[in-house]
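Chain by chain, the residues:
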Amino acid sequence: MPIVEARIPSGYGPDDKRRLVRALTDAIRFVVPARDEAVTVTLHDDASGHEAREGSLHRSAPALPDPARLVLAYLNAMEARDIETARSLLGPGFRMTFPGTAPMTSLTELIAWAKPRYRFVSKTYEAVEAFPSGDIAVVFARGTLAGEWPDGTPFSGIRFIDRFEVSEGQVIRQDVWNDLAEGRAT
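Undergrad: A description of the packing of aromatic side chains should follow, citing residues and the corresponding values.
TA: For the structure shown, the criterion picks out six aromatic pairs. By the ring-pair criterion, three or more aromatic residues cluster together here, those being Tyr74, Phe94 and Phe164. Lying across the ring of phenylalanine 160, lysine 123 places its NZ or CZ 4.6 Å from the centre.

Laid out in structure tokens, this is it:
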């Protein structure tokens, strides 16, 4: 039975601690063949709220936002056509690639590219999953698309998967795969 004890600075809320416990449990289970209930994670709050590094006291940094929630906020803003909110969630150097496109770096480019392809698209999510990968979080969102073609004909049930990279609480990359071309051909 794996047991992990972690000392964390005080000031992190219950949701942050739940995310940390889940992440530690998942990390253990990635290597050790154990069920969730066999993994014990204990968090110890450092009551001082300070830590020393390089001879100086430092306050602990706030928790990073949940990358899956951040990506959903971005996708929901895009679907609602709240471009300013969506843009505010993007980090420096953001780039996105959709089927059949070169990388784009702005939402204005995406909107221009999408305009002749469909009137609107909405997403139904089957899963949104986040994973650490070095200095970034990788988030996969998958499910189906519904919407209208440019002539007003509805479509639905089109498979999609989006892969995002999140760094320092901002979306820095989006790669999209879907079956829109196949759905349009029928």
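Undergrad: I'd like a description of the sheet that holds strand β5 (residues 90–97), backed by residues and values.
TA: Spatial ordering of the open sheet is given by β5-β9-β8-β7-β6, a layout of five strands whose pairing is mixed. Single-partner strands in this sheet number two, and they are β5 and β6 (120–133). Sheet twist, expressed as the mean angle between neighbouring strand axes with direction ignored, is 20°. As paired elements, strand β7 (residues 136–148) and strand β8 (residues 154–167) share 11 bridges and run antiparallel to each other. Bridge pairing links arginine 142 to isoleucine 161 in β8. Helix α2 (residues 67–79) contacts β5, β6, β7, β8 and β9 (170–178) of the sheet and is inclined by roughly 160° relative to β6.

Undergrad: Describe in detail helix α4 (residues 107–114), supporting the description with residues and values.
TA: Within the sequence span of α4, burial applies to Leu107, Leu110, Trp113 and Ala114. The arc that holds the buried residues of α4, viewed along the axis, is 120°, so those residues lie on one side. Facing away from the buried surface of α4 by more than 90 degrees, the exposed residues are Thr108 and Ala112. Buried residues along α4 sit in contact with α2, α3 (83–88) and β5.

Undergrad: A description of the pattern of salt bridges should follow, citing residues and the corresponding values.
TA: Applying the stated criterion across every chain yields a total of 15 salt bridges. Between arginine 142 and glutamate 129 there is a salt bridge, with the nearest N and O atoms lying 3.9 Å from each other. Placement of arginine 142 in strand β7 and of glutamate 129 in strand β6 is noted, with a sequence separation of 13 residues between them. Judged by its relative accessible area of 31%, glutamate 129 falls in the partly exposed class.

Undergrad: Can you explain unusual backbone geometry? Please cite residues and give values.
TA: Non-glycine residue arginine 81 carries a positive phi angle of around 60°. On the secondary structure map, arginine 81 appears in the loop between α2 and α3. Overall, the relative accessible area of 55% leaves arginine 81 in the exposed class. Of note in the backbone geometry, glutamate 168 takes a positive phi value of approximately 50° without being a glycine. Of note, glutamate 168 is situated in the loop between β8 and β9.

Quick notes on the rules
- Residues numbered from 1 in each chain as written.
- Predicted model: local features only at pLDDT ≥ 70, side-chain atom pairs only at ≥ 80, totals over all residues.
- Heavy atoms only, no water.
- Phe/Tyr/Trp six-rings, centres within 6.5 Å; stacked < 30°, edge-to-face > 60°.
- Lys NZ or Arg CZ within 6 Å of the ring centre and 35° of its normal.
- Pairing = 2+ DSSP bridges.
- Helix = DSSP H or I, 4+ residues; strand = E, 2+ residues; numbered from the N terminus.
- Axes fitted to C-alpha atoms, helices over the stretch in contact; angles between N-to-C directions.
- Contact = heavy atoms within 4.5 Å.
- Buried < 20%, exposed > 50% of the residue type's maximum accessible area, 1.4 Å probe, protein only.
- Arc of directions from axis to C-beta.
- Salt bridge = Lys/Arg side-chain N within 4 Å of Asp/Glu carboxyl O.

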